[in-house]
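Fold and contact review
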Amino acid sequence: MKLANRFSRRRFLVGAGSAALALPALEALSPATALAKGSRPRLLIYYLPNGRRPEWWVPTGSDGSLTFPSQSAALQPFANRLIALENLSNNAAIGSPGAAHAMGTGTVTTGRTISSVAGGALENDISIDQLIVQQCRPDTRFSSLQWSSGEPGPCDVGGSSCAYTQSISWAGPASPLVPTIDPGAAFERLFGSGIDGIEGPGALIRRQTKQSVIDFVRDDSRALEATLGASDKHKLESYFDGLRDLERLLEDDAQCSEEPQAPLPGLDYAGRVDAFSRLIRLAFLCDQTRIMTFMIEFGLSGRSHDFLDAPGAHHGLSHYGDDTGYQRLRRVETWHSEQLGALLSLLDGTPGTEGGGSLLDETIVLALPSMGEGSSHDHARNCPLLFGGSTVLNTTGRKLSLGSRPLPDLHVTLMQAYGIEGSFGHSGAIFGDDGNAAIDGILK
(Lines give C-alpha, C1' and ligand atoms only; values in the text may rest on other atoms or scores of the structure.)
Protein backbone atom coordinates (compact mmCIF):
# COMPACT_ATOMS: atom_id res chain seq x y z
CA MET A 1 0.00 0.00 0.00
CA LYS A 2 1.37 3.38 -0.93
CA LEU A 3 2.24 5.79 1.87
CA ALA A 4 -0.02 8.48 0.44
CA ASN A 5 -2.98 6.10 0.77
CA ARG A 6 -2.07 4.92 4.26
CA PHE A 7 -1.29 8.23 5.97
CA SER A 8 -3.08 11.40 4.96
CA ARG A 9 -1.90 14.99 4.70
CA ARG A 10 -3.75 15.70 7.97
CA ARG A 11 -0.81 13.95 9.63
CA PHE A 12 -2.64 11.87 12.24
CA LEU A 13 -1.92 8.40 13.53
CA VAL A 14 -5.01 6.47 14.62
CA GLY A 15 -4.64 3.52 16.95
CA ALA A 16 -6.44 1.42 19.52
CA GLY A 17 -9.57 2.88 21.08
CA SER A 18 -9.74 5.55 18.36
CA ALA A 19 -6.74 7.46 19.72
CA ALA A 20 -5.73 10.19 17.31
CA LEU A 21 -2.24 11.65 17.51
CA ALA A 22 -1.14 14.62 15.45
CA LEU A 23 2.22 14.19 13.76
CA PRO A 24 5.02 16.65 13.06
CA ALA A 25 5.33 17.88 9.51
CA LEU A 26 7.34 15.26 7.61
CA GLU A 27 8.81 15.55 4.14
CA ALA A 28 7.27 12.23 3.15
CA LEU A 29 3.78 13.52 4.00
CA SER A 30 4.12 16.92 2.34
CA PRO A 31 3.15 17.68 -1.25
CA ALA A 32 6.11 18.39 -3.53
CA THR A 33 4.77 21.81 -4.44
CA ALA A 34 4.80 22.90 -0.80
CA LEU A 35 8.42 21.85 -0.41
CA ALA A 36 9.38 23.65 -3.57
CA LYS A 37 7.62 26.91 -2.72
CA GLY A 38 8.18 26.88 1.02
CA SER A 39 5.77 28.74 3.27
CA ARG A 40 5.57 31.83 5.39
CA PRO A 41 7.24 31.58 8.80
CA ARG A 42 5.40 30.81 11.99
CA LEU A 43 4.78 33.68 14.38
CA LEU A 44 5.04 33.70 18.16
CA ILE A 45 4.39 36.91 20.09
CA TYR A 46 5.93 36.49 23.55
CA TYR A 47 4.50 39.15 25.85
CA LEU A 48 6.25 40.51 28.97
CA PRO A 49 4.28 42.52 31.57
CA ASN A 50 5.07 45.68 33.54
CA GLY A 51 7.67 46.90 31.05
CA ARG A 52 11.37 46.19 30.63
CA ARG A 53 14.22 48.37 31.77
CA PRO A 54 16.27 48.94 28.57
CA GLU A 55 19.61 48.75 30.40
CA TRP A 56 18.68 45.21 31.49
CA TRP A 57 17.19 44.16 28.19
CA VAL A 58 18.76 45.77 25.11
CA PRO A 59 22.14 44.47 23.94
CA THR A 60 25.06 46.82 23.46
CA GLY A 61 27.75 46.85 20.80
CA SER A 62 27.76 46.99 17.05
CA ASP A 63 26.04 44.81 14.48
CA GLY A 64 27.40 41.29 14.51
CA SER A 65 28.96 41.65 17.98
CA LEU A 66 26.07 42.47 20.29
CA THR A 67 26.36 41.76 24.00
CA PHE A 68 23.38 41.38 26.28
CA PRO A 69 23.52 42.85 29.79
CA SER A 70 23.92 40.38 32.66
CA GLN A 71 20.19 40.50 33.41
CA SER A 72 19.50 39.10 29.91
CA ALA A 73 22.61 36.95 29.57
CA ALA A 74 20.39 33.94 28.84
CA LEU A 75 19.72 35.50 25.42
CA GLN A 76 23.41 35.82 24.53
CA PRO A 77 23.50 32.50 22.59
CA PHE A 78 21.04 34.14 20.19
CA ALA A 79 22.82 37.48 19.87
CA ASN A 80 23.54 36.71 16.22
CA ARG A 81 20.01 35.52 15.56
CA LEU A 82 18.08 38.68 16.39
CA ILE A 83 17.18 42.25 15.57
CA ALA A 84 17.00 44.52 18.62
CA LEU A 85 14.69 47.51 18.22
CA GLU A 86 15.13 50.57 20.42
CA ASN A 87 12.63 53.29 21.31
CA LEU A 88 9.49 52.45 19.41
CA SER A 89 6.64 54.72 20.55
CA ASN A 90 3.25 53.22 21.36
CA ASN A 91 1.33 56.38 20.60
CA ALA A 92 -2.00 54.61 21.03
CA ALA A 93 -1.18 53.91 24.68
CA ILE A 94 0.05 57.47 25.17
CA GLY A 95 -3.19 58.84 23.71
CA SER A 96 -5.49 56.57 25.71
CA PRO A 97 -6.74 57.97 29.01
CA GLY A 98 -5.42 56.66 32.34
CA ALA A 99 -5.09 52.95 33.16
CA ALA A 100 -1.49 52.82 31.95
CA HIS A 101 -1.15 49.04 32.05
CA ALA A 102 -4.51 48.35 30.44
CA MET A 103 -3.69 50.82 27.70
CA GLY A 104 -0.15 49.52 27.25
CA THR A 105 -1.14 45.85 27.09
CA GLY A 106 -4.39 46.47 25.22
CA THR A 107 -2.78 48.46 22.42
CA VAL A 108 0.67 46.91 22.11
CA THR A 109 -0.46 44.53 19.35
CA THR A 110 -3.27 46.68 17.90
CA GLY A 111 -1.88 50.21 17.80
CA ARG A 112 -5.41 51.56 18.27
CA THR A 113 -6.20 54.39 20.68
CA ILE A 114 -8.92 53.51 23.20
CA SER A 115 -11.00 56.56 24.02
CA SER A 116 -12.42 55.31 27.30
CA VAL A 117 -11.81 52.33 29.57
CA ALA A 118 -14.76 52.92 31.88
CA GLY A 119 -17.95 50.99 31.23
CA GLY A 120 -19.69 50.65 27.92
CA ALA A 121 -18.64 48.46 25.03
CA LEU A 122 -15.07 47.33 24.55
CA GLU A 123 -13.05 49.32 22.06
CA ASN A 124 -9.77 48.41 20.33
CA ASP A 125 -9.16 46.87 16.92
CA ILE A 126 -7.71 43.76 15.34
CA SER A 127 -4.29 42.67 16.59
CA ILE A 128 -1.42 41.89 14.24
CA ASP A 129 -1.55 38.13 14.85
CA GLN A 130 -5.25 37.97 14.00
CA LEU A 131 -4.83 40.15 10.93
CA ILE A 132 -2.25 37.63 9.68
CA VAL A 133 -4.70 34.82 10.45
CA GLN A 134 -7.55 36.52 8.58
CA GLN A 135 -5.47 37.44 5.55
CA CYS A 136 -3.30 34.32 5.24
CA ARG A 137 -5.87 31.73 6.34
CA PRO A 138 -3.34 29.17 7.60
CA ASP A 139 -4.17 25.57 6.71
CA THR A 140 -3.70 24.18 10.20
CA ARG A 141 -5.94 22.52 12.76
CA PHE A 142 -6.02 25.73 14.82
CA SER A 143 -5.81 29.02 12.94
CA SER A 144 -4.14 30.49 16.05
CA LEU A 145 -3.63 29.74 19.73
CA GLN A 146 -3.56 32.07 22.73
CA TRP A 147 -1.84 30.88 25.92
CA SER A 148 -0.72 32.46 29.18
CA SER A 149 0.88 31.18 32.37
CA GLY A 150 -0.73 34.06 34.24
CA GLU A 151 -3.72 34.10 36.54
CA PRO A 152 -6.65 36.52 36.57
CA GLY A 153 -6.03 39.37 38.99
CA PRO A 154 -7.17 42.93 39.62
CA CYS A 155 -8.02 44.90 36.52
CA ASP A 156 -6.55 48.33 35.98
CA VAL A 157 -7.94 51.55 37.45
CA GLY A 158 -10.90 53.61 36.24
CA GLY A 159 -13.27 50.74 35.65
CA SER A 160 -11.02 49.23 33.00
CA SER A 161 -12.13 45.88 31.61
CA CYS A 162 -9.83 42.96 32.37
CA ALA A 163 -9.86 42.24 28.64
CA TYR A 164 -7.33 45.01 28.14
CA THR A 165 -4.79 43.48 30.55
CA GLN A 166 -5.54 39.79 29.98
CA SER A 167 -5.52 39.53 26.20
CA ILE A 168 -3.16 40.64 23.47
CA SER A 169 -5.09 38.88 20.68
CA TRP A 170 -8.11 40.72 19.32
CA ALA A 171 -10.22 39.41 16.43
CA GLY A 172 -11.91 42.81 16.17
CA PRO A 173 -12.94 45.92 18.16
CA ALA A 174 -14.93 44.07 20.83
CA SER A 175 -13.51 40.59 20.38
CA PRO A 176 -10.61 39.78 22.73
CA LEU A 177 -9.42 36.17 22.52
CA VAL A 178 -9.08 34.82 26.03
CA PRO A 179 -5.88 32.81 26.55
CA THR A 180 -5.78 29.31 28.00
CA ILE A 181 -3.93 29.38 31.33
CA ASP A 182 -3.83 25.65 32.15
CA PRO A 183 -1.12 23.70 30.28
CA GLY A 184 -2.99 20.47 30.94
CA ALA A 185 -6.07 21.85 29.17
CA ALA A 186 -3.90 23.17 26.34
CA PHE A 187 -2.26 19.75 25.98
CA GLU A 188 -5.63 18.00 25.87
CA ARG A 189 -6.94 20.41 23.27
CA LEU A 190 -3.90 19.88 21.07
CA PHE A 191 -3.57 16.15 21.29
CA GLY A 192 -7.03 14.76 21.76
CA SER A 193 -10.33 14.73 23.55
CA GLY A 194 -11.54 12.68 26.44
CA ILE A 195 -8.47 10.96 27.87
CA ASP A 196 -5.50 12.00 25.74
CA GLY A 197 -7.64 11.78 22.64
CA ILE A 198 -9.05 8.35 23.45
CA GLU A 199 -12.76 7.65 23.55
CA GLY A 200 -14.77 4.55 24.33
CA PRO A 201 -13.11 1.49 25.88
CA GLY A 202 -9.65 2.89 25.25
CA ALA A 203 -10.40 5.84 27.52
CA LEU A 204 -11.19 3.51 30.41
CA ILE A 205 -7.93 1.64 29.85
CA ARG A 206 -6.08 4.95 29.79
CA ARG A 207 -7.59 6.02 33.10
CA GLN A 208 -6.73 2.74 34.71
CA THR A 209 -3.21 2.30 33.42
CA LYS A 210 -1.99 5.86 32.73
CA GLN A 211 -0.52 4.39 29.57
CA SER A 212 0.99 6.93 27.20
CA VAL A 213 -1.14 7.99 24.26
CA ILE A 214 1.89 7.09 22.14
CA ASP A 215 1.46 3.44 23.07
CA PHE A 216 -2.00 3.38 21.54
CA VAL A 217 -0.65 4.29 18.11
CA ARG A 218 2.49 2.16 18.32
CA ASP A 219 1.58 -0.16 15.43
CA ASP A 220 0.79 2.66 13.03
CA SER A 221 3.89 4.57 14.09
CA ARG A 222 6.10 1.55 13.38
CA ALA A 223 4.50 1.10 9.98
CA LEU A 224 5.08 4.76 9.24
CA GLU A 225 8.72 4.67 10.38
CA ALA A 226 9.43 1.80 7.99
CA THR A 227 8.59 4.07 5.06
CA LEU A 228 10.56 7.14 6.15
CA GLY A 229 14.00 8.40 5.34
CA ALA A 230 16.64 9.13 7.98
CA SER A 231 15.71 12.80 8.35
CA ASP A 232 12.00 12.07 8.85
CA LYS A 233 12.78 9.26 11.31
CA HIS A 234 14.84 11.68 13.39
CA LYS A 235 12.01 14.22 13.41
CA LEU A 236 9.47 11.57 14.42
CA GLU A 237 11.68 10.24 17.22
CA SER A 238 12.32 13.77 18.49
CA TYR A 239 8.59 14.48 18.45
CA PHE A 240 7.70 11.31 20.37
CA ASP A 241 10.47 11.95 22.91
CA GLY A 242 9.22 15.47 23.54
CA LEU A 243 5.59 14.36 23.75
CA ARG A 244 6.36 11.60 26.25
CA ASP A 245 8.50 13.97 28.35
CA LEU A 246 5.64 16.45 28.45
CA GLU A 247 3.13 13.74 29.38
CA ARG A 248 5.35 12.73 32.28
CA LEU A 249 5.82 16.33 33.38
CA LEU A 250 2.08 17.02 33.45
CA GLU A 251 1.17 13.69 35.05
CA ASP A 252 3.86 13.83 37.72
CA ASP A 253 2.90 17.32 38.78
CA ALA A 254 -0.78 16.49 38.64
CA GLN A 255 -0.20 14.36 41.73
CA CYS A 256 0.48 17.63 43.59
CA SER A 257 -2.68 19.36 42.43
CA GLU A 258 -4.32 19.04 45.83
CA GLU A 259 -1.56 21.04 47.51
CA PRO A 260 -3.32 24.02 49.11
CA GLN A 261 -0.43 26.39 48.28
CA ALA A 262 -0.64 25.77 44.54
CA PRO A 263 -1.96 28.85 42.72
CA LEU A 264 -3.72 26.54 40.26
CA PRO A 265 -4.30 22.78 40.34
CA GLY A 266 -1.25 21.01 39.05
CA LEU A 267 1.97 22.77 38.24
CA ASP A 268 3.26 25.75 40.13
CA TYR A 269 3.89 28.96 38.23
CA ALA A 270 7.45 28.20 37.15
CA GLY A 271 6.33 24.73 36.10
CA ARG A 272 3.50 26.15 34.01
CA VAL A 273 5.86 28.51 32.20
CA ASP A 274 8.14 25.57 31.41
CA ALA A 275 5.22 23.37 30.33
CA PHE A 276 3.89 26.04 27.99
CA SER A 277 7.35 26.44 26.44
CA ARG A 278 7.36 22.72 25.68
CA LEU A 279 3.83 22.94 24.31
CA ILE A 280 4.73 25.85 22.05
CA ARG A 281 7.49 23.76 20.55
CA LEU A 282 5.17 20.77 20.05
CA ALA A 283 2.32 22.86 18.65
CA PHE A 284 4.65 24.23 15.98
CA LEU A 285 6.43 20.93 15.38
CA CYS A 286 3.23 19.01 14.67
CA ASP A 287 1.78 21.92 12.68
CA GLN A 288 -1.24 22.32 14.93
CA THR A 289 -0.95 26.06 14.38
CA ARG A 290 1.43 28.60 12.88
CA ILE A 291 0.30 31.67 14.81
CA MET A 292 0.55 31.93 18.60
CA THR A 293 0.59 34.48 21.40
CA PHE A 294 1.98 33.73 24.85
CA MET A 295 1.72 36.01 27.88
CA ILE A 296 4.22 34.94 30.54
CA GLU A 297 1.94 36.94 32.86
CA PHE A 298 -0.99 39.28 32.39
CA GLY A 299 -0.64 43.04 32.28
CA LEU A 300 -0.49 44.74 35.68
CA SER A 301 0.85 41.45 37.03
CA GLY A 302 0.85 41.36 40.81
CA ARG A 303 2.62 38.02 41.03
CA SER A 304 5.04 37.59 43.90
CA HIS A 305 8.12 35.69 42.75
CA ASP A 306 9.01 34.21 46.12
CA PHE A 307 10.84 31.33 44.44
CA LEU A 308 13.33 33.92 43.12
CA ASP A 309 13.77 35.55 46.53
CA ALA A 310 11.79 38.42 45.03
CA PRO A 311 8.67 38.68 47.21
CA GLY A 312 6.19 41.44 46.54
CA ALA A 313 3.83 42.14 43.66
CA HIS A 314 5.68 42.45 40.37
CA HIS A 315 3.79 45.62 39.50
CA GLY A 316 4.80 47.16 42.81
CA LEU A 317 8.43 46.16 42.26
CA SER A 318 8.39 47.86 38.86
CA HIS A 319 7.82 51.07 40.83
CA TYR A 320 10.61 50.23 43.27
CA GLY A 321 11.24 52.83 45.96
CA ASP A 322 14.49 51.54 47.39
CA ASP A 323 17.41 49.27 46.61
CA THR A 324 15.58 46.22 47.93
CA GLY A 325 12.78 46.68 45.42
CA TYR A 326 15.29 47.41 42.67
CA GLN A 327 17.17 44.17 43.30
CA ARG A 328 13.97 42.15 43.45
CA LEU A 329 12.80 43.62 40.14
CA ARG A 330 16.19 42.76 38.65
CA ARG A 331 15.71 39.12 39.66
CA VAL A 332 12.24 39.01 38.08
CA GLU A 333 13.35 40.53 34.78
CA THR A 334 16.40 38.23 34.74
CA TRP A 335 14.15 35.21 35.20
CA HIS A 336 11.88 36.37 32.38
CA SER A 337 14.89 36.50 30.07
CA GLU A 338 15.90 33.03 31.20
CA GLN A 339 12.47 31.65 30.32
CA LEU A 340 12.57 33.28 26.89
CA GLY A 341 16.08 31.93 26.37
CA ALA A 342 14.95 28.42 27.33
CA LEU A 343 12.15 28.56 24.77
CA LEU A 344 14.48 29.82 22.06
CA SER A 345 16.81 26.92 22.88
CA LEU A 346 13.95 24.45 22.53
CA LEU A 347 13.01 25.85 19.13
CA ASP A 348 16.61 26.04 17.97
CA GLY A 349 17.31 22.47 19.10
CA THR A 350 14.41 21.10 17.06
CA PRO A 351 14.93 20.36 13.36
CA GLY A 352 12.74 22.45 11.11
CA THR A 353 9.95 20.93 9.07
CA GLU A 354 10.51 22.75 5.80
CA GLY A 355 13.74 21.48 4.35
CA GLY A 356 16.52 22.64 6.66
CA GLY A 357 17.43 24.71 9.67
CA SER A 358 15.63 24.64 12.98
CA LEU A 359 12.15 25.55 14.18
CA LEU A 360 13.63 28.86 15.29
CA ASP A 361 14.83 29.55 11.75
CA GLU A 362 11.27 28.95 10.57
CA THR A 363 9.58 30.96 13.33
CA ILE A 364 9.47 34.70 13.97
CA VAL A 365 9.64 35.17 17.73
CA LEU A 366 8.64 38.69 18.74
CA ALA A 367 9.53 39.36 22.39
CA LEU A 368 7.23 42.28 23.15
CA PRO A 369 7.17 44.15 26.47
CA SER A 370 4.02 45.99 27.49
CA MET A 371 6.03 49.22 27.63
CA GLY A 372 9.56 50.46 28.18
CA GLU A 373 10.77 51.18 31.69
CA GLY A 374 7.88 50.37 34.01
CA SER A 375 8.25 52.80 36.90
CA SER A 376 7.30 55.78 34.72
CA HIS A 377 4.97 53.85 32.39
CA ASP A 378 7.22 54.77 29.47
CA HIS A 379 5.21 53.93 26.35
CA ALA A 380 7.50 56.04 24.17
CA ARG A 381 10.54 53.76 24.45
CA ASN A 382 9.36 50.22 23.91
CA CYS A 383 12.22 47.92 22.90
CA PRO A 384 11.01 44.70 21.24
CA LEU A 385 13.38 41.92 20.19
CA LEU A 386 12.94 39.84 17.04
CA PHE A 387 14.48 36.36 16.89
CA GLY A 388 14.54 33.70 14.17
CA GLY A 389 12.45 33.91 11.01
CA SER A 390 15.65 33.81 8.99
CA THR A 391 13.80 33.07 5.75
CA VAL A 392 12.30 36.57 5.74
CA LEU A 393 14.10 38.63 8.41
CA ASN A 394 17.64 39.99 8.69
CA THR A 395 18.04 38.45 12.14
CA THR A 396 21.82 38.46 11.97
CA GLY A 397 22.71 40.27 15.21
CA ARG A 398 21.56 43.79 14.45
CA LYS A 399 20.33 46.72 16.53
CA LEU A 400 18.13 49.48 15.14
CA SER A 401 17.76 52.70 17.13
CA LEU A 402 14.52 54.18 15.92
CA GLY A 403 13.99 57.40 17.83
CA SER A 404 10.26 57.96 18.18
CA ARG A 405 9.15 55.66 15.35
CA PRO A 406 5.56 54.45 15.88
CA LEU A 407 5.34 50.93 17.25
CA PRO A 408 2.70 49.98 14.63
CA ASP A 409 5.38 50.43 11.95
CA LEU A 410 6.81 47.19 13.34
CA HIS A 411 3.43 45.56 12.74
CA VAL A 412 3.37 46.94 9.19
CA THR A 413 6.77 45.31 8.71
CA LEU A 414 5.40 41.97 9.91
CA MET A 415 2.48 42.36 7.49
CA GLN A 416 4.97 42.66 4.64
CA ALA A 417 6.85 39.59 5.90
CA TYR A 418 3.60 37.67 5.41
CA GLY A 419 2.87 39.22 2.04
CA ILE A 420 -0.10 41.26 3.27
CA GLU A 421 -0.88 44.40 1.32
CA GLY A 422 -3.52 47.08 1.81
CA SER A 423 -4.68 49.48 4.52
CA PHE A 424 -6.25 47.93 7.59
CA GLY A 425 -5.77 50.75 10.08
CA HIS A 426 -7.69 53.79 11.23
CA SER A 427 -8.23 56.76 8.90
CA GLY A 428 -6.23 55.19 6.09
CA ALA A 429 -3.29 53.93 8.12
CA ILE A 430 -1.86 50.59 7.07
CA PHE A 431 -2.18 49.28 10.63
CA GLY A 432 -3.45 50.76 13.88
CA ASP A 433 -3.61 54.52 14.19
CA ASP A 434 -0.21 55.42 12.79
CA GLY A 435 1.46 52.41 11.22
CA ASN A 436 2.20 53.76 7.76
CA ALA A 437 5.55 52.32 6.65
CA ALA A 438 7.74 49.28 7.15
CA ILE A 439 10.96 49.71 9.13
CA ASP A 440 14.04 49.53 6.91
CA GLY A 441 16.61 46.87 7.74
CA ILE A 442 14.28 44.22 9.13
CA LEU A 443 13.07 42.40 6.04
CA LYS A 444 15.34 40.60 3.62
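Every chain is numbered on its own, with residues counted from 1 as its sequence reads. With pLDDT at 70 or above as the cut-off, local features in this predicted model cover only qualifying residues; side-chain atom pairs require 80 or more to be listed or tallied, and sums for whole chains, interfaces and linings still use all residues. Values shown for side chains rest on all heavy atoms present in the structure; no hydrogens or waters enter the calculation.

Turning our attention to the packing of helix α12 (residues 269-285) against helix α14 (residues 323-348). Convention adopted: a line fitted to C-alpha atoms gives each axis, helices being fitted over their contacting stretch, and angles between N-to-C directions are expressed from 0 to 180 degrees. Comment: elements are numbered from the N terminus, with helices defined as DSSP H or I runs of at least four residues and strands as E runs of at least two. Contact pair α12 / α14: the axes reach a minimum separation of 9 Å and the direction vectors enclose 30°. As judged from the angle between their axes, α12 and α14 are roughly parallel. Considering how the two elements wind past one another, α12 and α14 form a crossing that is right-handed. Between α12, through Y269, A270, V273, S277, R278, I280, R281 and F284, and α14, the contact on the second element is made entirely by W335, Q339, L343, L346 and L347. All amino acids are sorted into three groups, where Ala, Val, Leu, Ile, Met, Phe, Trp, Tyr, Cys and Pro are nonpolar, Asp, Glu, Lys and Arg are charged, and the leftover types, Gly among them, are polar. Split by residue class, the contact of α12 with α14 holds nine nonpolar, two polar and two charged. For this classification, under 35 degrees means roughly parallel, over 145 means roughly antiparallel, 65 to 115 means roughly perpendicular, and everything else is oblique. For any helix crossing, the convention is left-handed if the near helix is rotated counterclockwise from the far helix by under a right angle, and right-handed if that rotation is clockwise. Here, residues are in contact when the closest pair of their heavy atoms is within 4.5 Å.

Our focus in this paragraph is the pairing of strand β8 (residues 385-388). Strand pairing is assigned whenever DSSP detects at least two bridges linking the two strands. Across three bridges, strand β4 (residues 82-86) lies against β8 in antiparallel orientation. Residue pairing in the sheet places A84 in a bridge with L385 of β8. Across four bridges, strand β7 (residues 363-369) lies against β8 in antiparallel orientation. Bridge assignment links A367 to a residue of β8, and that residue is L385.

Bringing the state of the cysteines into the picture now. Note on terminology: disulfide denotes any pair of cysteine sulfur atoms within 2.5 Å. All told, the structure shown has one disulfide when counted by the stated rule. With its sulfur 1.5 Å from that of its partner, C155 forms a disulfide with C162. Here C155 and C162 share a disulfide; its torsion about the S-S bond, -50°, makes the bridge left-handed. Judged by its relative accessible area of 26%, C155 is partly exposed. For every residue, the accessible area (1.4 Å probe, protein chains only) is compared with the maximum for its type, and the residue is labelled buried under 20%, exposed over 50%, or partly exposed between those bounds. The partly exposed category is assigned to C162, whose relative accessible area is 24%.

Spatially, β5-β6-β3-β7-β8-β4-β9 is the arrangement adopted by the seven strands of the open sheet, whose pairing is mixed. Strands at the two margins of the open sheet, each flanked by one partner only, are β5 (145-148) and β9 (398-401). Neighbour to neighbour, the strand axes of the sheet diverge by 15° on average, direction disregarded. Relative to β9, β4 runs parallel, the two being bridged by four bridges. Note that in β9 the partner of I83 across the bridge is R398.

In this structure, N50 is a non-glycine residue whose phi angle is positive, near 60°. Relative to the helices and strands, N50 resides in the loop between β3 (42-48) and α3 (54-57). Of note, the phi angle at S427 is positive, near 55°, even though the residue is not glycine. Mapped onto the elements of the fold, S427 is located in the segment after α15 (408-417).

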